[in-house]
Structure formats: structure tokens, C-alpha cells
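Below, each chain spelled out in residue letters.
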Amino acid sequence: MTYRVRGSLKTATFVAAAALLLAPLATFAQTNSTSTADRWIHVRVTSTDSKGETVKVNVPVDMAEKILPAINNDRLHEGKVRIDNDNLNGIDVRAILDAVRTAKDGEFVTVQAPDADVRVAKQGGYLLIHVTDKSEHHHDKTAKAENGKKTEMINVSGQHVEVKVPMKVVDALFSGEKDELNILAALRALSTSGDTELVSVKSDDNTVRVWIDSKNVSD
Amino acid sequence: MILLAKIALGVTGTMALATMYTFREGTIRVDVDEHHAGGSHVHVWVPAAVVPMALHFVPDDKLRQAENRAEEWLPVVRATVLSLKDHPDAEFVEVQDGEQHVHVQTQGGRIRVDVTDEGEEVHVACPISTIEDVADQIGARSPHI
């Protein structure tokens, strides 16, 4: 074997070894970028009326991440929404979330009232909120005349709302200033989460689902 | 004779290049069909390459008006277009309400909007790169962008 061939072989071996060593890093980087790029948020609204109206929206998470900072309108600036403290009725949401974050898994709030049942819990790194709205707003009233008197029959038709949000997304959402929600940070946190059904609303006339997965179609 | 052949070659070559450029840039399609008596049928196919060129002939005051109106949303359009180019074909919005269907999707580097209603159909397809070119040209005139 000549000196030149031996030198070439040595170089080739060195390059192959370097490639083998760097391959996992490259794969990791690729997997990381793919995992963000392939995440899709799906929204589906299905109406139960005779027409059967259906709305399907599919948005890639990374697209939302790029578009959101470009929107500067009304309360939304640089991916952050300014919230009005008056709407919070003096409730320190941050303090509550901090308490929830540091607490162990369990049920934190259970409210059973005539107009709504509310359940807030933390389970397996997720914040779970279940609300059953039984308020007057969702009741179907039918007037009936009986013995000259008008009576009102109320058919209770509740609305069930289920919200399941990874705690890291909640953390990211409240990572900005006190009076703002950091939507962009929440989206970034969401893009690294697994497949999750985020919101589910079921009422008599509509079903709403919001979920995240790696498919670019909602079916 | 040789001069004529040279001119013919030049013309043919220019036409071939122009055709290639047009096909590469794609076409903007607008199809409107009203399926009833007296209903109109509009089919417009415009080479997308023409649009950025045509913008150079738009009067300055008109373009400034468009620029003022679109200024706030141009960064959003640009971000959307850049992101759309990075994604494979996908259906972004689908609405179905009885006889009405609305689809917004990307297909082969074009954004397509298809609306089907009872007795009426509207289909619009535009290359994503054309939207980017137009946004760039309008944005380039704005001192704030």
C-alpha cells in the first residue's frame, strides 16, 4: 500500500468516525425541529342542528409561533395579551397558580351550586378544569297554561366544559408581566407537549374540541 | 437569411424563457360559476409573474393608500407566507354547513380557497410566492416596515 493511499484511508477513517460521533447530535437536532414543526393544533366545532354545521381548523404550532409576534393589534402585542385586572375581581391568579404548581396531585376546588358545578384538579402534570354550567341561560323555558295560571317548565340543559392543560403551558402563559398572558411562550411550551385534548365543550346544540397532535388533518 | 434565422432564434428563445418563467411562477386562478338561469361564469387565469410587474405601473398615490391600509398587517402576511412555504400541503380550514362548503388549503405551493354554495361556486388559487412578492413590494415602500 503506497503512502498516499494509506494517508487517504486514514483521512476517510477519521471522517467516518467523526460522522458516527456527530450523527446522534444531528439526529437529536433534527428530531427536535421536527417535533416542533409537526405539531398541529386542531379546533373542531360540530353543531347538532339539522344542517349539521361543522368547522374544522388545523394550524401548525410553529406557524402560530411565527405569526403571533407579528400581530400588534388592540391588546395583543409581541405574542402577549394584556389583561384587565378589573375583570379578575382582585383575584391574584399568579399566587393561585403558584400554590397549585407546588402542591401535590389532587382536587383543589369542588363547587356544587344550583347553576354550576366546578372542579379544579392537578393530575399527572396537567391542570384539569371541569365545569358543568346549569345556569338559566342554558335552560329551555316552555310556558304552559294550567287552570288559568301560567306555569313555567324548565328543561335543564347543561353545558359541560373540560379543560386539560399541561402545567408547563400554564406556567409559560403566566410567565410575563403581572397584567399579561404570554400566549407565545404558552405555544412554545405546548409544542413540546405530547398529544393532548386541551378543551372539550359539550352542550345540547354544539360540541367544541381543541386538541394538539402530530397529524395535519383533524380526522 | 442568416440574420432572419438569428432573429427567429432570439424571438423563440425569449418566448421559451418567458413561458418557462410563467410556468415556474404559476398562475392565479379565479373561477366563479353561478348554476342558475342567467348565472354568470367568470374564469380568470393570470400568470402570477405578471402581478409584481404590474405593481410597478400602479399610480403612486393608489399604492400608498394600499400601503397605509395594509401596513399593520403586512408583517402578519409575511410571517404567514414564510411559514406556509415551510409546510407541506395541508387543509387549514374546512367549514360545512348544509349545502355550503368552505375549504382553505395549500396545494403545490399555492393557496386555494374553495367555496361551494347551493347553485354557486367560487374557486381562487394563488401562488404563495406571489403573495410574498406583493407584500414585499408594498412593504418596501413603507418607511415603518
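The structure we're discussing is the one just above.
Everything quoted here is computed from the prediction, not taken from an experiment.

**Notes on the sheet that holds strand S3 (residues 76-77) of chain A**
Residue and element names in this part refer to chain A. Strand order across the open sheet formed by three strands is S3-S4-S11, with antiparallel pairing between neighbours. Each of the sheet's edge strands pairs with one partner strand only, and the pair in question is S3 and strand S11 (180-182). Sheet analysis places S3 next to strand S4 (residues 80-82), joined by two bridges and oriented antiparallel. If you follow Leu-76 over to S4, its bridge partner there is Val-81. Contacts from helix H5 (residues 183-191) reach S4 and S11 within the one sheet, and its direction differs from that of S11 by about 30°.

**A word on the nonpolar core**
Counting residues in hydrophobic clusters, the biggest one holds 17 residues, and the most contacted among them are Ala186(A), Leu187(A) and Leu190(A). When contributions to this core are tallied by element, the ones reaching two or more residues are helix H2 (61-67), helix H4 (167-173) and H5 of chain A. Of the residues forming this core, the biggest block, seven residues, is contributed by H5(A). Setting aside its immediate chain neighbours within four residues, Ala186(A) contacts Val169(A), Ala172(A) and Leu173(A). Formed by ten residues, the second largest nonpolar core is a distinct cluster that contains Ile28(B), Ala48(B), Ala135(B) and Ile138(B).

**Digging into the interface of chain B and chain A**
Often, the extent of an interface is quoted as the loss of accessible area upon association of its parts. Taken together, the contact between chain B and chain A spans 17 residues of the former and 18 residues of the latter. The element best represented in the side of chain B that touches chain A is strand S3 (residues 90-97) of chain B, accounting for eight residues. The class makeup of the residues in the side of chain B that touches chain A is eight nonpolar, five polar and four charged. Examined bridge by bridge, strand S2 (residues 54-60) of chain A and S3(B) share four bridges and lie antiparallel to one another. Counted as the bridge partner of Val55(A) is Val95(B) from S3(B).

Criteria and cut-off values
- Think of each chain on its own: its residues are numbered from 1, step by step along the sequence as written.
- Each chain is given a letter, starting from A, and each ligand a number, starting from 1, according to the order in which they appear as written.
- In view of the model being predicted, local features appear only for residues whose pLDDT reaches at least 70, and side-chain atom pairs are presented and counted only at 80 or more, with totals across whole chains, interfaces and linings using the full set of residues.
- If DSSP finds at least two bridges between two strands, the strands pair.
- Strands are runs of DSSP state E lasting at least two residues, helices are runs of H or I lasting at least four, and both sets are numbered from the N terminus onward.
- Think of it this way: build a C-beta for each residue from its backbone, and any pair within 7 Å is a contact.
- Lines fitted to C-alpha atoms define the axes here, with helix axes fitted over just the stretch in contact, and angles between the N-to-C directions of these axes take values from 0 to 180 degrees.
- Here, a nonpolar core means buried Ala, Val, Leu, Ile, Met, Phe, Trp, Tyr and Cys residues linked by C-beta atoms lying within 7 Å of one another.
- Counting other C-beta atoms within 10 Å of a residue's C-beta gives its exposure: the residue is buried at 20 or more, exposed at 12 or fewer, and partly exposed in between, where C-beta atoms are placed from the backbone.
- For this scheme, ten residues count as nonpolar: Ala, Val, Leu, Ile, Met, Phe, Trp, Tyr, Cys and Pro. Four count as charged, namely Asp, Glu, Lys and Arg, and the remainder, Gly too, count as polar.

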